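Coordinates in review
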Amino acid sequence: QVQLVESGGGLVQAGGSLRLSCAASGRTFSIYFMVWFRQAPGKEREFVAGMSRSGSNTLYADSVKGRFTISTDNAKNTVYLQMNNLKPEDTAVYYCAAGGRLSANVRDYGHWGQGTQVTVSS
């Protein structure tokens with residue numbers, strides 16, 4: 001119905017940068033908000049950043065404010081996460097998700113990508 005595909009993960013040194021992409025396809029007209037979560041081994045899935053497809057609303061976790069930036073392309077079918085000044089604690093699998101409201105609750109999102117690994121070395 002709605003497909004989300006993440007890309008752009010990899011291995012970087014602390015202080016480096018990565019840009020993640022999430023491409024949405026299928027019934028994209030039903031998507032109002034697109035967000036990024038991350039999950040480290042043995043930990044709960046954690047909200048990172050999100051935005052409305054219109055661009056009028058954004059939300060960031062305190063841990064990434066000032067370092068990460070969420071954005072979309074002109075067609076609003078791809079969401080990006082620009083990650084600067086990466087820290088080892090940013091290491092996780094990063095997931096793209098979509099739903100009808102903007103929140104930090106995983107239960108508010110019914111569509112998920114497969115995840116992309118981000119590893120930050122010290």
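This text follows the structure it describes.
Quick notes on the rules
- Residues numbered from 1 in each chain as written.
- Predicted model: local features only at pLDDT ≥ 70, side-chain atom pairs only at ≥ 80, totals over all residues.
- Heavy atoms only, no water.
- Disulfide = S-S within 2.5 Å.
- Helix = DSSP H or I, 4+ residues; strand = E, 2+ residues; numbered from the N terminus.
- Salt bridge = Lys/Arg side-chain N within 4 Å of Asp/Glu carboxyl O.
- Buried < 20%, exposed > 50% of the residue type's maximum accessible area, 1.4 Å probe, protein only.
- Phe/Tyr/Trp six-rings, centres within 6.5 Å; stacked < 30°, edge-to-face > 60°.
- Lys NZ or Arg CZ within 6 Å of the ring centre and 35° of its normal.

Observations regarding the state of the cysteines
- Taken as a whole and assessed by the stated rule, the structure comprises 1 disulfide.
- Here C22 pairs with C96 through a disulfide, and the sulfurs are 2.1 Å apart. Around the S-S axis, the bridge from C22 to C96 shows a dihedral of about -80 degrees and counts as left-handed. With C22 in strand β3 (residues 18–26) and C96 in strand β9 (residues 92–99), this residue pair connects regions lying 74 residues apart in the sequence.

What about the pattern of salt bridges?
- Scanning the entire structure with this criterion turns up 5 salt bridges.
- The partner of K65 in a salt bridge is D62, and the shortest N-O contact between them spans 3.0 Å.
- Under the relative-accessibility criterion, D62 is labelled exposed at 64%.
- One salt bridge in this structure joins R101 and D108, with 3.6 Å as the shortest N-O distance.
- Among the charged side chains, a salt-bridge network with shared partners connects R38, E46, R67 and D90.

Section: the packing of aromatic side chains
- Here the structure, examined in full by the defined rule, presents 3 aromatic pairs.
- A ring pair is formed by F37 and Y109, whose centres lie 5.7 Å apart and whose planes are at 70 degrees; its orientation type is edge-to-face. One end of the pair, F37, is in strand β4 (residues 33–39); the other, Y109, is in strand β10 (residues 109–112), and 72 residues separate them in sequence.
- Look at F37 and W112: their rings are 5.2 Å apart centre to centre, the planes differ by 55 degrees, and that puts the pair in the tilted class. Residue F37 is found in strand β4, and its partner W112 is found in strand β10; the two are separated by 75 residues along the sequence.
- Among the aromatic side chains, those forming a connected cluster through ring pairs are F37, F47, Y109 and W112.
- It is R45 that lies over the ring of Y95; its NZ or CZ is 3.8 Å from the centre.
- For the cation-ring pair, R45 lies above W112, with the distance from its terminal atom to the ring centre recorded as 4.9 Å.

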